[in-house]
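Single-letter residue listing:
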Amino acid sequence: MDVPFPVSSEAAFDYLVDPVHRPEWQSSLRRVEDVDGEPRVGQTWTDVTVPGLRPAMETTVLERPRRWSERGTWRGVAATLTLTFADAPGGCTVHADFAITGRGPLGPALRLLTVASRPAVRADLRRAAEILGKR
C-alpha cells in the first residue's frame, strides 16, 4: 500500500518514527534511543490486552531515511511492519508492508488478520500525511 506525503522523505521518516506521533495502537511506546547516530525506537509492551501478553519488540532503522522496520513476536506469532520512503513530485510516497505470521493451525487466521489490519495501517499513514500537509 502506497500513501503520498506532501513533504520530503526525510521529513516523513522523522515524523513517522518519532514516538510522539505513533498511532494509537502503538501507544505503549516507552523510549527512543540513538544507536550509532541513527534513531532506534525502543518499545516495552506490558499486558497490552490480557494478563501475560508481553510481546518482544524489535525496531530497526534499515536505511535512514529510506527504510524502517519493526517486528513484534509473541508465542510463535510475529507482526512485521516495514515502511519504505521514495521521493515523488511534491513530496514522497510511503509504502507499507504489513504482515502477521505464525506456525500451525493459526496460519490461515493470521493471514486474514493481516488483510483486515491493512486498512488501519493505511488510515494511520493518511492521517500522518494530512497532519504534515497542514504544517
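Placed above this text is the structure.
Residues numbered from 1 in each chain as written. Predicted model: local features only at pLDDT ≥ 70, side-chain atom pairs only at ≥ 80, totals over all residues. Heavy atoms only, no water.

*Asks:* Provide a residue-level description of helix H2 (residues 107-133), including the pertinent values.
*Replies:* Taking 1.5 Å as the rise per residue, H2 with 27 residues should run 39 Å; its terminal C-alpha atoms sit 39 Å apart, in good agreement. Of all the bends found along H2, the most pronounced is centred on Ser117 and spans about 30°, while Pro119, a proline, follows it within four residues. For H2, the set of buried residues is Gly107, Leu110, Thr114, Ser117, Val121, Asp124, Leu125, Ala128, Ala129 and Leu132. As for H2, its buried residues are in contact with strand S1 (2-5), helix H1 (9-17), strand S6 (77-88) and strand S7 (91-102). (Helix = DSSP H or I, 4+ residues; strand = E, 2+ residues; numbered from the N terminus. Expected span 1.5 Å × (residues − 1). Bend = angle between axes of the 7 residues up to and from the residue. Buried < 20%, exposed > 50% of the residue type's maximum accessible area, 1.4 Å probe, protein only. Contact = heavy atoms within 4.5 Å.)

*Asks:* Please give an account of the pattern of salt bridges that cites residues and values.
*Replies:* Tallied over the full model, the rule gives two salt bridges. A salt bridge links Asp87 to Arg66, with the nearest nitrogen and oxygen atoms 3.4 Å apart. Taken together, the residues span a long stretch of sequence, with Asp87 in strand S6 and Arg66 in the loop between strand S4 (56-63) and strand S5 (67-74) at a distance of 21 residues. Given a relative accessible area of 54%, Asp87 falls into the exposed group. A relative accessible area of 30% places Arg66 in the partly exposed class. (Salt bridge = Lys/Arg side-chain N within 4 Å of Asp/Glu carboxyl O.)

*Asks:* Give a description of the packing of H1 against H2 that names residues and reports values.
*Replies:* At a minimum axis distance of 11 Å, the contact between H1 and H2 shows a crossing angle of 120°. One element, H1, and the other, H2, form an angle in the oblique class. As for how H1 packs across H2, the hand of that crossing is right-handed. Here Ala12, Tyr15 and Leu16 of H1 lie close against H2, whose contacting residues are Leu125, Ala128, Ile131 and Leu132. The residue makeup of the contact of H1 with H2, split by class, is seven nonpolar, no polar and no charged. (Axes fitted to C-alpha atoms, helices over the stretch in contact; angles between N-to-C directions. Parallel < 35°, antiparallel > 145°, perpendicular 65-115°, else oblique. Left-handed = near helix turned anticlockwise from the far one by under 90°. Nonpolar A, V, L, I, M, F, W, Y, C, P; charged D, E, K, R; others polar.)

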